[in-house]
Amino acid sequence: MGGYMLKNNKLENIEIGTRLFINLLFTVNMFLMFLNYTPFTSLKINVLIPVSFTLYILIVVTIIFSKKFFINKEMLKFILVFGMFSTYFLFNINISNSLDISYLLFYSFSFLMFFFFYLTGDKLVIYPILIISILFYQLVMLGVFLFHISDLESNSIGILSFLLSYFSVITFKKSSKKIIRVIAQISLVLNIIMILVSHSRTSLFALITVYLCYLFWSLIKRRTTLLTGIVIIMSILFVNYYISLSNTYQGMRMNDIVREYTGKNLFSGRQLLWKDAINEVLYTDNYLSGMGNNTVLYSAVTNLGYLHNSFVQIFYNLGVIGLILFVLFLLFMANHFKNSNTIDQKVSFSFFIGIIIMQNFEGFLTNPFPNAISTLGWIILGLLSGNRRVD
């Protein structure tokens, strides 16, 4: 009996040590990725691919041996839809264009991380480690803004701050230790400050959406799939409206008003990229399968093919088939949140809607190049959906 207990204690210690190592490795990996948005490093993100897959292998082994997951029929349906979308996303390649292997590897890593966090929720996450590292990163960013503001990618910092605010909120809600809750509160305040000083209107609007969804959770908890569908339909219709409005008198007046109060144009040139992308797909009759995930829109070459909108990006690269699969993925995911009163679910669904809203102007989930924000976005989506079943 004593030998059995000793063996169990030994296995438990190994599991705790592995979790600790995974969280530390994840923190260092993401921190190095995030530094690419500052003047402090010229580290090529491709260098981190081996580190990323080492982290992935550790997570897989830990999950298998700790048996911290289960699968039911509802999950199998969702996994099937996600599997179809991710496979199509990775392998819808235009054979006439060159292929960036690092792009496929990074998205493979991102999708796999989503999948395993979906299976386990946050059972492998040590929130105190993450929130302390996030606070340190935020202080670094604040220093950069104060002394090197012209060297920063402001929109990227705004998006990162929005995504990291999820960890701030969920840590505050889940932690029972006062010091960790205080750190989480400070972290959230810093995230909001970073969003404001970065002048990222999309991030600010997404954060307001998160707050509203959280505030009115009792009204929407039975209609999560319906609400998500409405947001998606409005997002797709918005693309056409935004393109059309830019050439009208009303559009120019709205642009003048927005510029007066925010210092930025309402029509920043994104509408031209979206119009060019849609027209190219339609004129080449590639509306079903798109132009291929390794095709870059000519007018977006300076942006490495980034179109600032996930729905347009998917239509351009993956066509109607890819767009339908992406929409189904989001709808199936939304169904996980239905009829729950837990704090996890209120926070998770609120950020889920916020992330969808962000895809209208910052399509980080479908970036056409290896990108830290894309990886973090997919990891958070995995945590959001995974937490549904571990409450």
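1. As for the overall build of the chain
When helices and strands are tallied, the chain shows 15 helices and 0 strands. The buried share of the chain, taken over its 391 residues, is 52%. Restricting the contact set of the chain to residue pairs at least 6 apart, pairs at least 24 apart contribute 82%. Total accessible area on the chain is roughly 18,200 Å²; 68% of this is exposed by carbon and sulfur atoms.

2. Brief notes about unusual backbone geometry
With a phi close to 60 degrees, Asp285 is a non-glycine residue in the positive phi region. Along the polypeptide, Asp285 turns up in the loop between helix 12 (270-283) and helix 13 (310-335). Its identity is not glycine, yet His308 carries a phi of approximately 65 degrees, on the positive side. Among the secondary structure elements, His308 is positioned in the loop between helix 12 and helix 13. Accessibility expressed as a relative area gives 14% for His308, which makes it buried.

3. Here we look at the side chain of Asn309
Considering the arrangement of structural elements, one finds Asn309 in the loop between helix 12 and helix 13. For Asn309, a relative accessible area of 0% gives the class buried. Among the polar contacts made by the side chain of Asn309, one reaches the main-chain carbonyl oxygen of Asn360 at a distance of 2.8 Å. Not counting residues up to four positions away in its chain, the partners in contact with Asn309 are Val239, Trp274, Gln359, Asn360 and Gly363.

4. Section: helix 14 (residues 343-358)
Helix length check: helix 14, at 16 residues, gives a terminal C-alpha distance of 23 Å against a target of 22 Å (1.5 Å per residue), a fit within 8%. Counting buried positions along helix 14 yields 15 of 16 residues, so the element is predominantly enclosed.

5. Some words on a nonpolar patch on the surface
Taken together, the side chains of Val189, Ile192, Ile193, Leu196, Val197, Leu204, Ile208, Tyr211, Leu212, Leu215, Phe216 and Leu219 define a hydrophobic patch exposed on the protein surface, amounting to about 1,000 Å² of accessible area. Every element with two or more residues in the nonpolar patch is listed here: helix 7 (178-198) and helix 8 (201-215). Here Leu215 lies in helix 8.

6. Quick notes on the nonpolar core
Counting 80 residues, the largest nonpolar core has Phe162, Phe167, Phe329, Phe352, Trp378, Leu381 and Leu384 as the members making the most contacts within it. Of all hydrophobic cores here, the second largest spans 17 residues; its members include Leu245, Leu273, Met291 and Ala300.

7. What to know about the packing of helix 3 (residues 73-91) against helix 4 (residues 101-120)
Running from N to C, helix 3 and helix 4 point in directions that differ by 175 degrees, and their axes come no closer than 11 Å. In terms of axis orientation, helix 3 runs roughly antiparallel to helix 4. Taking contact as the criterion, the partners of Met75, Phe78, Ile79, Phe82, Phe85, Ser86, Phe89 and Leu90 in helix 3 are, on helix 4, Tyr103, Leu104, Tyr107, Ser108, Phe111, Phe114, Phe115, Tyr118 and Leu119. Of the residues belonging to the contact of helix 3 with helix 4, the class tally is 15 nonpolar, 2 polar and no charged.

8. Observations concerning the side chain of Asn92
With respect to the secondary-structure elements, Asn92 resides in the loop between helix 3 and helix 4. Given a relative accessible area of 15%, Asn92 falls into the buried group. Within the structure, the side chain of Asn92 is placed 2.8 Å from the backbone oxygen of Ser289, a separation counted as a polar contact. With sequence-adjacent residues up to four places away left out, Asn92 is seen in contact with Ser289, Gly292, Asn293, Asn317 and Leu318.

9. Let's talk about the packing of aromatic side chains
Inspection of every chain in the model, using the stated rule, returns 39 aromatic pairs. Taking 5.0 Å as the distance between ring centres and 85 degrees as the angle between the ring planes, the aromatic pair formed by Phe111 and Trp378 counts as edge-to-face. Placement of the pair is Phe111 in helix 4 and Trp378 in helix 15 (residues 372-386), with a sequence separation of 267 residues. In this structure, Phe111 and Trp378 share a single accessibility class: buried.

10. Here we look at the environment of Lys77
Topologically, Lys77 is positioned in helix 3. Along the chain, Lys77 and Phe332 lie 255 residues apart, while their C-alpha atoms are 8.2 Å from each other.

11. Some remarks on the pattern of salt bridges
Tallied over the entire structure, the rule returns 2 salt bridges. Residues Arg259 and Asp256 are paired through a salt bridge, measuring 2.9 Å at the closest nitrogen-oxygen approach. With Arg259 and Asp256 both in helix 11 (residues 249-262), this residue pair falls 3 residues apart, about one helical turn.

12. Overview of helix 10 (residues 224-245)
The terminal C-alpha atoms of helix 10 lie 30 Å apart, and with 22 residues this matches the ideal 32 Å at 1.5 Å per residue to within 8%. Every buried residue belonging to helix 10 is among Thr224, Thr228, Gly229, Val231, Ile232, Ser235, Val239, Tyr242, Ile243 and Leu245, and all of these are buried. Buried residues along helix 10 sit in contact with helix 9 (217-220), helix 11, helix 12, helix 13 and helix 14.

About the cut-offs
- Residues numbered from 1 in each chain as written.
- Predicted model: local features only at pLDDT ≥ 70, side-chain atom pairs only at ≥ 80, totals over all residues.
- Heavy atoms only, no water.
- Helix = DSSP H or I, 4+ residues; strand = E, 2+ residues; numbered from the N terminus.
- Buried < 20%, exposed > 50% of the residue type's maximum accessible area, 1.4 Å probe, protein only.
- Contact = heavy atoms within 4.5 Å.
- Areas by Shrake-Rupley, 256 points an atom, 1.4 Å probe, with all protein chains shown as cover.
- Polar contact = N/O pair within 3.5 Å; in protein donor to acceptor, adjacent residues only side chain to side chain.
- Expected span 1.5 Å × (residues − 1).
- Patch = residues over 30% accessible without salt bridge, like charges linked within 9 Å, V, L, I, M, F, W, Y side chains within 5 Å.
- Salt bridge = Lys/Arg side-chain N within 4 Å of Asp/Glu carboxyl O.
- Core = buried A, V, L, I, M, F, W, Y, C linked by side-chain atoms within 4.5 Å.
- Axes fitted to C-alpha atoms, helices over the stretch in contact; angles between N-to-C directions.
- Parallel < 35°, antiparallel > 145°, perpendicular 65-115°, else oblique.
- Nonpolar A, V, L, I, M, F, W, Y, C, P; charged D, E, K, R; others polar.
- Phe/Tyr/Trp six-rings, centres within 6.5 Å; stacked < 30°, edge-to-face > 60°.

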